[in-house]
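Descriptive structure summary
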Amino acid sequence: MVSDVQGELDLAGLRRVYGTPGHRLFYRLVCRNARHWGWTEPGQSKWRCWRAQRRLEAVLGRKLALPPGSRVLDAGSGSGVVARQLATRFGLRVTGVDLMDFHVREANRLSARAGLAGRTAFACGDYHRLDHPDRSFDGVYSMETLCHAYDPARALAEFHRVLRPGGRLVVLGPAPLPKAELPAAQQALLEPYMDAMVLPGTRRYDSRTIGGLITGAGFRLEEELDATRYYLPTTEALYAYFRLPYAVLRRLGLSEHWLGLRSTVEMYEVRHHVAWLVHTAVRDD
Ligand SMILES: C[S@@+](CC[C@H](N)C(=O)[O-])C[C@H]1O[C@@H](n2cnc3c(N)ncnc32)[C@H](O)[C@@H]1O
């Protein structure tokens, strides 16, 4: 069990986001335990969200570009869906770290059930202060988790520390456009959303500054990809599916118990003011 030793980590807030029965049910039934967006290219259907999620995991695997057997850290591993995909499709050996004990239990249980316990392992931890020795991984990735970091620079420095020289980092996730480019109305929508979803990282970086945080942690940036156009079809499909159920829950005053639904619906309102970025970087020394 992780504790909030320095008073920086909003553990109670994150438990509220991920732990409510509504939220957990939403992710289990609707997202089949994956807690991330999807990737859709022109000509591909946006309505099959599970397929889009598998495509996004494949994008991550290709950006990691590590040979089978490589040791990889999944920072913020959730229920381990991404780790299992990388283990089966790319032959990687994945160690997941997540703050939520119930995510870790679920990840280990699902991996055992899939016969992947030997290639994936999950433990409770805060990726700002990892237990792992220096240079112990060939790769590190974070799939839609850096937005939760209370100190993204420190988290990235930890990722750098645990990577061996030549090791690779892939960071995927949303970043708001710089404040100066955000109309007041959109800012007013984003602020409460960022608080409700406990996204302090998105107050510490924006779409223009996140790359500088990565290089500031010692990495050489190989690619900064604005992938918003590949993520937007998932935003549109989820909005179409869940707009009405969410409106009903909201009317009943239950929306706080269904934060997964809230994020899928409210992301639509701010979709043109959030960039979805994929950063690929290398530890050279
Ligand atoms: C949006 S979910 C993504 C989960 C997983 N990467 C996936 O794509 O299915 C974010 C995850 O990050 C975890 N998390 C947030 N802050 C963390 C921290 N400081 N250390 C470890 N895990 C963290 C949350 O518990 C949650 O499981």
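The text that follows walks through the structure, step by step, so that each part is easy to find. These numbers were taken from a predicted model, which means no experiment stands behind them.

**What to know about the sheet that holds strand E1 (residues 71–75)**
Hydrogen bonds between backbone groups are what pair the strands of a sheet, and the pairing can be parallel or antiparallel. Here seven strands make up an open sheet; going across it, the order is E3-E2-E1-E4-E5-E7-E6 and the pairing mixed. Of all strands in the sheet, those with a lone pairing partner are strand E3 (120–124) and strand E6 (220–226), marking the two edges. The average undirected angle you get between the axes of adjacent strands in this sheet is 15°.

**Quick word on helix H3 (residues 49–64)**
In a regular helix each residue adds 1.5 Å, so 16 residues correspond to 22 Å; H3 covers 23 Å between its end C-alpha atoms and thus fits that length. Counting buried positions along H3 gives twelve out of 16 residues, so the element sits mostly inside the fold. Here H3 has its buried residues at Cys49, Ala52, Gln53, Arg55, Leu56, Glu57, Ala58, Val59, Leu60, Gly61, Lys63 and Leu64. Of the residues one or two after H3, Ala65 is the one with positive phi, at around 50°.

**Looking at the site of the ligand**
Not every one of the 20 residues close to the ligand is listed here, only the nearest: Arg35, Gly76, Asp98, His103 and Asp126. In the environment of the ligand, an oxygen atom lies 2.6 Å from a nitrogen or oxygen atom belonging to the side chain of Asp98. At a separation of 2.9 Å, an oxygen atom of the ligand approaches a polar side-chain atom of His103. For the ligand, whose accessible area on its own is 590 Å², the fraction buried by protein is 97%. Across the shell around the ligand, the residue classes tally to seven nonpolar, nine polar and four charged.

**Some points on the nonpolar core**
Counting 85 residues, the largest nonpolar core has Tyr141, Phe159 and Leu169 as its most contacted members. Residue contributions to this core peak at eight residues, all from helix H10 (residues 228–251). In this structure Leu169 touches Val140, Leu156, Phe159, Leu163, Ile214, Phe219, His279, Thr280 and Ala281, once residues within four positions along its chain are discounted.

**Quick word on the pattern of salt bridges**
Overall, the coordinates contain 18 salt bridges when judged by the stated rule. In this structure, Glu236 and Lys46 form a salt bridge, with 3.1 Å as the shortest nitrogen-oxygen distance. Placement of Glu236 in helix H10 and of Lys46 in the loop between helix H2 (21–30) and H3 is noted, with a sequence separation of 190 residues between them. Judged by its relative accessible area of 30%, Glu236 falls in the partly exposed class. The class for Lys46 is partly exposed, based on a relative accessible area of 25%. One continuous salt-bridge network, built from bridges that share partners, spans Arg28, Arg35 and Glu106.

**Looking at the environment of Ser77**
Here Ser77 shows up in the loop between E1 and helix H4 (81–90). On the basis of relative accessible area, Ser77 is assigned to the buried category, the value being 6%. In this structure, the C-alpha to C-alpha distance between Ser77 and Ser142, residues 65 residues apart in sequence, is 7.8 Å. Residue contacts for Ser77: discarding those within four places in its chain leaves Gly96, Val97, Asp98 and Phe122.

**A look at the packing of aromatic side chains**
This model, assessed by the stated rule, comprises eight aromatic pairs. When the ring of Trp37 is compared with that of Trp276, the centres are 5.2 Å apart and the planes differ by 25°; the resulting orientation is stacked. Pair noted here: Trp37 is in the loop between H2 and H3 and Trp276 is in strand E7 (residues 274–282), with a separation of 239 residues, a long-range link. Residue Trp276 is classed as buried on the basis of its relative accessible area of 4%. Note on Tyr127 and Phe159: the rings are 5.8 Å apart at their centroids and 70° apart in plane angle, and the pair reads as edge-to-face. Placement of the pair is Tyr127 in the loop between E3 and strand E4 (137–143) and Phe159 in helix H6 (residues 152–162), with a sequence separation of 32 residues. Each member of the pair Tyr127 and Phe159 is classed as buried. Clustering of aromatic rings is evident, with ring pairs tying together Trp37, Trp39, Tyr230, Tyr231 and Trp276. The lysine or arginine in question, Arg32, covers the ring of Trp50, its NZ or CZ lying 3.2 Å from the ring centre. Here the guanidinium or amino end of Arg271 rests over the ring plane of Tyr268, the centre of that ring lying 3.7 Å away.

Criteria and thresholds
- Counting from 1, residues in each chain are numbered in the order their sequence is written.
- Reporting in this predicted model follows two pLDDT cut-offs: at least 70 for local features of residues, and 80 or more for side-chain atom pairs to be given and counted; totals over whole chains, interfaces and linings ignore these cut-offs and use all residues.
- Note that water and hydrogens are dropped before the side-chain values are worked out from all heavy atoms of the structure.
- Strand pairing follows a simple DSSP-based rule, namely that at least 2 bridges must link the two strands.
- Under the DSSP-based scheme used, a helix requires at least four consecutive residues in state H or I and a strand at least two consecutive residues in state E, with every element numbered from the N terminus.
- Only the stretch in contact is used when fitting a helix axis, every axis being a line fitted to C-alpha atoms; angles between N-to-C directions are given from 0 to 180 degrees.
- A helix's residues, less one, multiplied by 1.5 Å, set its expected span.
- In this scheme, a residue with accessible area under 20% of its type's maximum is buried, one over 50% is exposed, and one in between is partly exposed, where area comes from a 1.4 Å probe on protein chains only.
- Working definition: residue near molecule or strand if any one of its non-hydrogen atoms lies within 4 Å of it.
- Definition of a polar contact: a pair of N or O atoms within 3.5 Å, with one able to donate and the other able to accept a hydrogen when the atoms are protein atoms, and with sequence-neighbouring residues admitted only if both atoms are side-chain atoms.
- Accessible areas in this description were obtained via Shrake-Rupley with a 1.4 Å probe; residue shielding takes into account the shown protein chains only.
- Charged means Asp, Glu, Lys or Arg here, nonpolar means Ala, Val, Leu, Ile, Met, Phe, Trp, Tyr, Cys or Pro, and polar covers whatever is left, Gly included.
- To qualify as a nonpolar core, a set must consist of buried Ala, Val, Leu, Ile, Met, Phe, Trp, Tyr and Cys residues joined through side-chain atoms within 4.5 Å.
- Contacts: residue pairs with any heavy atoms within 4.5 Å of one another.
- By salt bridge we mean one thing: a side-chain nitrogen of Lys or Arg within 4 Å of a carboxyl oxygen of Asp or Glu.
- Two rings belonging to Phe, Tyr or Trp (six-membered ring only in the last case) form a pair when the distance between their centres is within 6.5 Å. Interplanar angles under 30 degrees mark stacking, angles over 60 mark edge-to-face geometry, and anything in between is tilted.
- Here, over-ring charges are defined by two tests on the NZ atom of lysine or the CZ atom of arginine: distance to the ring centre within 6 Å, and angle to the ring normal within 35 degrees.

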